[in-house]
Amino acid sequence: MIALDRQHLAPFLDDSARASLQPYVLDAHRAVLNGTGAGADMLGWRDLLLSTPPPLDAIEEVAEEIRERADVLVCIGIGGSYLGAKAVIDALTPAFAEDDLEIVFAGHHLSPGYHERLLETLQGKSVYVNVISKSGSTLEPSLAFRFIRRYLERTFDDTAERIIVTTGPTGGLLNPLRDEKGYRKFVLPDGVGGRFSVLTPVGLLPIAAAGHDVRALVGGASDELKRLDGPQANPALDYAADRYLLHEQGYKTELLAAFEPRLAGVGGWWQQLFGESEGKEHKGLFPAVAQYTSDLHSLGQYVQQGQRSLVESFLWVDDAGDGPTVGEEDGNPDELNYLAGKTYAEINRSAYEATAAAHAEGGVPNWTLTMPGLDARSVGALIAFYEHAVAVGGYLLGINPFDQPGVENYKQKMFSLLGRPE
Ligand code: PA5
């Protein structure tokens, strides 16, 4: 269950404006629940958590086969077909963990060196591929898949067993290829946009292949969404309402800062979720991310004293483990004996509390979202929290939070430069 601490936000918000907004917040909430807002045909991510769960048995079975037979799983996809799996795998994998199965990503950019090296490093290894694309025609994953498919066809005599396609139920370019070649397939249901697809096979197959508990992940998300749908005090609505009021006051950027490096990928996923959902009609807070305390030694100066257009949301993990406890040292050469008896977790918490207070004093409104732990249920809950909040927030802004018309503009120019036939 995700908690929202607003103590460093309240001084920046006018209580009467917040109270006046509340009826609109509840209208937006009801529009999400009842499917009466713009883009309501793209609320399928809610159905997956509330009524028609993803095919977990089949996902776990294929994941187990991959773990048994492969040295490397190459996950090919970009945007919503990549960021969710990366976020969850990073969040659930302890630092320096070693696994017999290596998960690598491809087709999430156009770096020539990366893709050349990837093909080289696959040599001599047992390779499985999960190609993930709703449309099947996105340039980056299509290009990577062409090279990797050809490598597999040259190298293995059971290529059809090694390629798993995740795409829409029908249409697109991957469905006919899959039919011709006999690849196995998982479906991204209609009604679920890429950035809302992490809890469909799009994210769940790579996450299960990485050895993580997809049942707990989906269960945590489902329980959280039911809680947020209910009548009690609702932190997702508070977060959406606060963001809206700050946006109306002229704040431009929301900086999401986690004090746990395993949450860096969640920051990337959150950027897409909020950036693509809200950044239209010249509206929306720009979603930026930072890793604290690392970035307190770089961005921290700007946050404290730069242009006053930032709001900050801290992502805090209640129980991320204690870590080592500081001991006394003779002579105190590093002058750290004042910390004796404290754990890393306690020191990290002091850094977070100090940062939140200092940045508020410096004129940066901030909230804290607290997740219970770095476990699958907590990460699932966080996903549901943000998905509900961005849907409500989009309706408050008066935009459709489920489309992304602006991502086409650069593609048209790029395809024209590359000479793609009409
Ligand atoms: O949110 C979105 O819709 C996008 O980020 C898409 O997921 C991304 O462009 C990849 O599209 P596709 O899955 O069709 O390859």
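Shown above is the structure to which this text applies.
Residues numbered from 1 in each chain as written. Predicted model: local features only at pLDDT ≥ 70, side-chain atom pairs only at ≥ 80, totals over all residues. Heavy atoms only, no water.

Glancing now at the packing of aromatic side chains. Taken as a whole and assessed by the stated rule, the structure comprises 21 aromatic pairs. Ring centres 6.0 Å apart and planes at 50° place the aromatic pair Phe-259 and Phe-314 in the tilted group. With Phe-259 in the loop between strand S7 (253-258) and helix H12 (264-278) and Phe-314 in strand S9 (residues 310-319), this pair connects stretches of sequence that are 55 residues apart. Residues Phe-259 and Tyr-352 carry aromatic rings whose centres are separated by 5.7 Å and whose planes lie at 70° to one another, so their mutual orientation is edge-to-face. Of this pair, Phe-259 sits in the loop between S7 and H12 while Tyr-352 sits in helix H14 (residues 344-361), placing them 93 residues apart in sequence. By relative accessible area, Tyr-352 is classed as buried at 7%. (Phe/Tyr/Trp six-rings, centres within 6.5 Å; stacked < 30°, edge-to-face > 60°. Helix = DSSP H or I, 4+ residues; strand = E, 2+ residues; numbered from the N terminus. Buried < 20%, exposed > 50% of the residue type's maximum accessible area, 1.4 Å probe, protein only.)

What follows concerns a nonpolar patch on the surface. A grouping of Leu-110, Leu-143 and Phe-147 is seen on the molecular surface, where their side chains present a nonpolar patch of about 280 Å² in accessible area. The topology assignment puts Phe-147 in helix H6 (residues 139-155). (Patch = residues over 30% accessible without salt bridge, like charges linked within 9 Å, V, L, I, M, F, W, Y side chains within 5 Å. Areas by Shrake-Rupley, 256 points an atom, 1.4 Å probe, with all protein chains shown as cover. Salt bridge = Lys/Arg side-chain N within 4 Å of Asp/Glu carboxyl O.)

Once that is clear, we can look at the sheet that holds strand S3 (residues 102-106). Strand order in the open sheet made by the five strands is S3-S2-S4-S5-S6, with parallel pairing throughout. Edge positions in the sheet fall to S3 and strand S6 (184-187), since each of these pairs with one other strand and no more. Strand-to-strand twist in this sheet, taken as the mean axis angle between neighbours without regard to direction, amounts to 20°. As paired strands, strand S2 (residues 72-76) and S3 are joined by five bridges and run parallel to one another. Bridge assignment links Val-74 to a residue of S3, and that residue is Val-104. (Pairing = 2+ DSSP bridges. Axes fitted to C-alpha atoms, helices over the stretch in contact; angles between N-to-C directions.)

Neighbouring the ligand are 13 residues; Ser-81, Ser-133, Ser-135, Thr-138 and Gln-272 lie closest to it. Contact distances for the ligand include 2.8 Å between an oxygen atom and a backbone N or O atom of Lys-134. Between the ligand and Thr-138 there is a distance of 2.5 Å, counted from an oxygen atom to a side-chain nitrogen or oxygen. In isolation the ligand exposes 380 Å². Once the protein is present, 85% of that is buried. Its residues assigned to classes, the shell around the ligand shows one nonpolar, nine polar and three charged. (Near = heavy atom within 4 Å. Polar contact = N/O pair within 3.5 Å; in protein donor to acceptor, adjacent residues only side chain to side chain. Nonpolar A, V, L, I, M, F, W, Y, C, P; charged D, E, K, R; others polar.)

Attention now goes to unusual backbone geometry. Leaving glycine aside, a negative phi is the common case for residues, and trans is the common case for peptide bonds. Cis geometry marks the peptide bond from Tyr-292 to Thr-293, where omega comes out at 10°. In this model, Phe-96 sits at a positive phi of 65°, which is unusual for a non-glycine residue. With respect to the element layout, Phe-96 can be found in the loop between helix H4 (83-92) and S3. The backbone of Asn-332 sits at a positive phi, close to 50°, despite the residue not being glycine.

To continue, consider the packing of helix H11 (residues 235-248) against helix H15 (residues 376-397). At a minimum axis distance of 8 Å, the contact between H11 and H15 shows a crossing angle of 40°. Classified by the interaxial angle, the pair formed by H11 and H15 is oblique. The hand of the H11/H15 crossing is right-handed. Of H15, the residues touching H11 (which contributes Pro-235, Ala-236, Leu-237, Tyr-239, Ala-240, Ala-241, Tyr-244 and His-247) are Phe-385, Tyr-386, His-388, Ala-389, Val-392, Gly-393, Leu-396 and Leu-397. (Parallel < 35°, antiparallel > 145°, perpendicular 65-115°, else oblique. Left-handed = near helix turned anticlockwise from the far one by under 90°. Contact = heavy atoms within 4.5 Å.)

Attention now moves to helix H10 (residues 214-229). For H10, which comprises 16 residues, the first-to-last C-alpha distance of 22 Å matches the rise-based estimate of 22 Å (1.5 Å per residue) to within 8%. Of all the 16 residues making up H10, twelve are buried; the element is thus mostly covered by neighbouring parts of the structure. Along H10, the positions that sit buried rather than exposed are Val-214, Ala-216, Leu-217, Val-218, Gly-220, Ala-221, Ser-222, Glu-224, Leu-225, Arg-227, Leu-228 and Asp-229. At the N-terminal boundary of H10, the capping side chain belongs to Asp-213, with an oxygen 3.1 Å from the backbone nitrogen of Arg-215. (Expected span 1.5 Å × (residues − 1).)

A few words now on the sheet that holds S7. The strand order across the open sheet built from five strands is S1-S10-S9-S7-S8, with neighbouring strands paired in mixed fashion. Bordering the open sheet on either side are strand S1 (3-5) and strand S8 (286-291), each of which pairs with just one other strand. Adjacent strand axes in the sheet meet at a mean angle of 25°, parallel and antiparallel pairs treated alike. Relative to the sheet, H12 contacts S7, S8 and S9, its axis offset from that of S8 by approximately 175°. Contacts between H15 and the sheet are confined to S7, S9 and strand S10 (366-373), with S10 contributing the most and set at about 145° to the helix.

A few words now on the pairing of S9. Of all ten residues in S9, eight are buried; the element is thus mostly enclosed. Judged from the six bridges that link them, S7 and S9 form a sheet pairing that is parallel. Within S9, the position partnered with Glu-254 by the bridge is Val-311. With seven bridges joining them, S9 and S10 adopt parallel strand pairing. Paired with Ser-313 across the two strands is Trp-367, which belongs to S10. Crossover handedness for the path S9 to H14 to S10: right-handed. (Right-handed = clockwise from strand over helix to strand, strands pointing away.)

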